[in-house]
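Below, each chain spelled out in residue letters.
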Amino acid sequence: MGHNELHDVAFPLHREQRLQEPPYRRSIQMNSIAILGAGPAGAWTALTLLKKFPGHRILLIEKEDVPGGITASFQWKGMIFDYGSHRLHPATSPDILRQVRDLLGDHLLKRPRHGRIILEGRLVAFPLKPADLLFKLPPSFSAGVILDTLGSPFRSSGGKTFREVLEGGLGKTVSRRFYFPYSEKLWGLKPEELSPVQAQKRIASSSLGSMIRKALSSLTGKNEGYFFYPAEGFGEITGKAVEKAVSEGVTFMPDSSLLSIERTADNSSWKLVMENGSSLKADFVFSTLPINTLAKAMNPKPPEQIMEAAGKIEYRSMVFCYLELKGARYTEFDAHYFPAKNLCFSRMSEPKIYRNTRKPPCRTGLCFEIPCSQTDEVWHMGSSEIAEKVLQDLASAGLPEPDVTDCTVKRKSNIYPVYDLSFRENTAPLESWASSLEGLVTFGRQGLFVHDNTHHTIEVGMAAANCLETDLSWNEKLWRKHLEEFKSHVVAD
Ligand SMILES: Cc1cc2nc3c(=O)[nH]c(=O)nc-3n(C[C@H](O)[C@H](O)[C@H](O)COP(=O)(O)OP(=O)(O)OC[C@H]3O[C@@H](n4cnc5c(N)ncnc54)[C@H](O)[C@@H]3O)c2cc1C
């Protein structure tokens, strides 16, 4: 199996165009606002700031050579791939959906959800449907679901761990035979080692009743039976947002990884130094960087207690294995979910189905998501070795053997924040340290250490921009109000 170079990414601006006249070589007279990170949060902060601060220089600073963060797409072997399955969920607010439509036009496709889960060796629709829970799974599973439903009025809700909350809400069967192995694979901890907050954030159906109601509404096509997806890959959403921001005056700085940040000598602004040697001044900084990256970049170093907390919070990493296959399609399903712990991947997706395309006619591609920590063996394995492991596990899962012609692997850190039982003891001091910094706010998935969807982080990015007053003072009261509202965000898979 060969290993091909990844081709250029799906970002519309030409590289030369983006790199012309780096802003740090020009003298800066205007007030500057810097946004760190060009994922969806940073992109929408830029778009919102443009309207409010027409006379200011707005700099969008990104470590990678393209915008998008985790939501970016790239091309490989003439096909477009994402970093794992990404969908714009129907829960997206009408305002954000309108903005995305304005950016993408008819490129924003409405697609039916058509996924499957391999549960105890059986293939059933995902999101789960009540009829499948009762009739398509092993009899002991179905009987367990019936007993759990009957017993639900007698179970106590809430609890001190992820395990207690789930078993109280969903009962033992769905919890132990689906959610617990799946969550252990995703976050690397046993259900009793995870905080109950993980359940509030990640499990959209907190009781069997609500799971059944959601499933029924998807059957009637009212709610979750569809999703939105851009014709050129999920990265088109943020790519187009940044393209618009640049066309209206934002300076996009790719390949610029923040190395250090400090107050200027007169304490009037921030000095940002990048790993590529460039530096710039900013009157206000919006940071969507991982909060521990920000703490480590701060000069002088934050107090020891803060550095200790920054060292203790943990983000899960992910290895993405991409396969090129012969044949127009591998399956008719967009994604397959694999909770079983003996299989290395948690999900497999086929981008051609998301994009509703027949091109290329005789080839297709698959993406496998392998959640891991950077001390795991899989993080260090070579592409072919990972592909072999994936193929072995695919066979154990009972799926057909794909006719593989090539493979490639990508790795990303900061994929999922891990909510262990003591995560609040570390995030609380970090948050209060960050909020004590004048002229800087930290937000977005990484900055707030939250599980979220793209539509949530877009909302957070717009809200952050709106909290900066025209005199560049920060409206902390309004921001606190928004932070409370964001707590209600629940992630859809
Ligand atoms: C496997 C997976 C599947 C998902 N599926 C969905 C889905 O189906 N639907 C959905 O709505 N959401 C989904 N999400 C969530 C979605 O990806 C996030 O909500 C979104 O990416 C968060 O955007 P953000 O801008 O807050 O953060 P990010 O996307 O993480 O962006 C942060 C940016 O900061 C940059 N950066 C980091 N360090 C530095 C530095 N030192 N200097 C400069 N720049 C830096 C990064 O390169 C990145 O571009 C999924 C997430 C994962 C992990």
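Quantities reported herein were computed from a predicted structural model and do not represent experimental measurements.

Draft legend 1. Examining a nonpolar patch on the surface more closely. Together, L134, F135, I146, L147 and L150 make up a nonpolar patch on the protein surface, roughly 550 Å² of accessible area in all. Elements with a contribution of two residues or more to the nonpolar patch: α4 (130-135) and α5 (139-151). It is α5 that provides the largest number of residues to the nonpolar patch, a total of three residues.

Draft legend 2. Quick look at the state of the cysteines. Within this structure, the stated rule accounts for zero disulfides. Not engaged in a disulfide, the cysteine C407 finds its nearest cysteine sulfur in C321; these two sulfurs lie 6.0 Å apart.

Draft legend 3. Here's a closer look at empty space enclosed by the protein. Counting across every chain of the model gives five cavities of 30 Å³ or more. In this structure, the second largest cavity spans a volume of roughly 70 Å³. Within the lining of the second largest cavity, the residues separate by chemical class into four nonpolar, four polar and one charged.

Draft legend 4. Quick peek at the sheet that holds strand β10 (residues 251-253). Pairing within the open sheet is parallel, and its five strands lie in the order β10-β3-β2-β14-β20. For this open sheet the edge positions go to β10 and β20 (440-442), each flanked by a neighbour on one side alone. When the angles between neighbouring strand axes are averaged without regard to direction, this sheet yields 15°.

Draft legend 5. Layout of the side chain of K185. Considering the arrangement of structural elements, one finds K185 in helix α7 (residues 172-187). Here the side chain of K185 touches F338 through a polar contact of 2.7 Å, landing on its backbone oxygen. Within polar-contact distance, the side chain of K185 engages the backbone oxygen of F345 at 2.6 Å. With residues up to four places along the chain from it excluded, the contact list for K185 reads R316, F338, P339, A340, K341, L343, C344, F345, S346 and P371.

Draft legend 6. Here's a closer look at the site of the ligand. The local shell around the ligand holds 34 residues, among which E62, R87, Q446, D452 and T454 are the closest. Take P40: an N or O atom from its main chain is 3.3 Å from an oxygen atom of the ligand. Between the ligand and the protein, one listed contact pairs an oxygen atom with a side-chain N or O atom of H86 at 2.9 Å. For the ligand, the accessible surface in isolation is 1000 Å², of which the surrounding protein chains cover 94%. Among the elements that make up the shell around the ligand, the one with the highest residue count is helix α17 (residues 444-447) (three residues).

Draft legend 7. How the structure looks around the side chain of K412. Mapped onto the elements, K412 comes out in strand β19 (residues 404-417). Lacking a salt bridge, the buried K412 has E64 as its closest oppositely charged neighbour, with an N-O distance of 4.5 Å.

Draft legend 8. Main features of the nonpolar core. Of all hydrophobic cores here, the largest spans 86 residues; its most connected members are W44, L49, F178, F286, F443 and W479. A domain-level breakdown of this core finds at least three residues from each of domain 1 (6-71 + 234-311 + 421-486) and domain 2 (128-219). Those residues in contact with F443 that sit more than four places away from it in its chain are A41, T45, F286, S287, T288, L448, V460, G461, A464 and W479. The next biggest cluster of nonpolar side chains, apart from the first, holds 33 residues, and it includes L272, A295, I313 and A434.

Draft legend 9. Structural detail: the packing of aromatic side chains. In total, this model carries 30 aromatic pairs according to the counting rule given. Judged by centre distance (5.0 Å) and plane angle (55°), the rings of F345 and F368 are tilted. Residue F345 is located in the loop between β16 (335-337) and β17 (347-349), and its partner F368 is located in strand β18 (residues 363-372); the two are separated by 23 residues in the primary sequence. Both residues of the pair, F345 and F368, belong to the buried class. Ring centres of W474 and W479 lie 5.6 Å apart, and the angle between their planes is 65°; on these two criteria the pair is classed as edge-to-face. When its relative accessible area of 4% is taken as the criterion, W479 is described as buried.

Draft legend 10. View of the sheet that holds strand β13 (residues 279-282). The three strands are arranged β11-β12-β13 in an open sheet whose pairing can be described as antiparallel. With one partner strand each, in any of the chains shown, β11 (258-263) and β13 form the two edges of the open sheet. Put simply, the sheet's adjacent strands are angled 20° from each other on average, direction ignored.

Draft legend 11. View of helix α12 (residues 304-312). Buried residues of α12: I306, A309 and A310, and no others. Projected onto a plane normal to the axis of α12, the buried residues spread over an arc of 100° and lie on a single side. Opposite its buried face, α12 presents the exposed residues E304, Q305 and G311, each directed more than 90 degrees away. Looking at the packing, one finds that the buried side of α12 touches α11 (291-297) and α16 (423-435).

Draft legend 12. Molecular detail of the layout of surface pockets. Within this model, the second largest pocket holds a volume of roughly 740 Å³. What lines the second largest pocket is a set of 35 residues, among which E431, L448, V450, L483 and K487 lie closest to the centre. The set of elements that each furnish at least two residues to the lining of the second largest pocket consists of α8 (196-202), α16, β20, α18 (454-466) and α19 (476-486). When residues in the lining of the second largest pocket are grouped by element, the largest group, seven residues, is from α16. Partitioning the lining of the second largest pocket into residue classes produces 18 nonpolar, nine polar and eight charged. Residue contributions to the lining of the second largest pocket reach at least three from each of two domains, namely domain 1 (6-71 + 234-311 + 421-486) and domain 2 (128-219).

Reading the values: the criteria
Residues numbered from 1 in each chain as written. Predicted model: local features only at pLDDT ≥ 70, side-chain atom pairs only at ≥ 80, totals over all residues. Heavy atoms only, no water. Patch = residues over 30% accessible without salt bridge, like charges linked within 9 Å, V, L, I, M, F, W, Y side chains within 5 Å. Areas by Shrake-Rupley, 256 points an atom, 1.4 Å probe, with all protein chains shown as cover. Salt bridge = Lys/Arg side-chain N within 4 Å of Asp/Glu carboxyl O. Helix = DSSP H or I, 4+ residues; strand = E, 2+ residues; numbered from the N terminus. Disulfide = S-S within 2.5 Å. 1 Å grid on protein atoms, 1.4 Å probe; cavity = no way out; pocket = protein on both sides within 12 Å on 5 of 7 lines; lining within 4 Å. Points joined across faces, edges and corners; volume = space filled by probe spheres on them. Nonpolar A, V, L, I, M, F, W, Y, C, P; charged D, E, K, R; others polar. Pairing = 2+ DSSP bridges. Axes fitted to C-alpha atoms, helices over the stretch in contact; angles between N-to-C directions. Polar contact = N/O pair within 3.5 Å; in protein donor to acceptor, adjacent residues only side chain to side chain. Contact = heavy atoms within 4.5 Å. Near = heavy atom within 4 Å. Buried < 20%, exposed > 50% of the residue type's maximum accessible area, 1.4 Å probe, protein only. Lys, Arg positive; Asp, Glu negative; His and termini not counted. Core = buried A, V, L, I, M, F, W, Y, C linked by side-chain atoms within 4.5 Å. Domains from an automatic or database assignment. Phe/Tyr/Trp six-rings, centres within 6.5 Å; stacked < 30°, edge-to-face > 60°. Arc of directions from axis to C-beta.

Interpretation in functional terms is not warranted from these geometric data alone.
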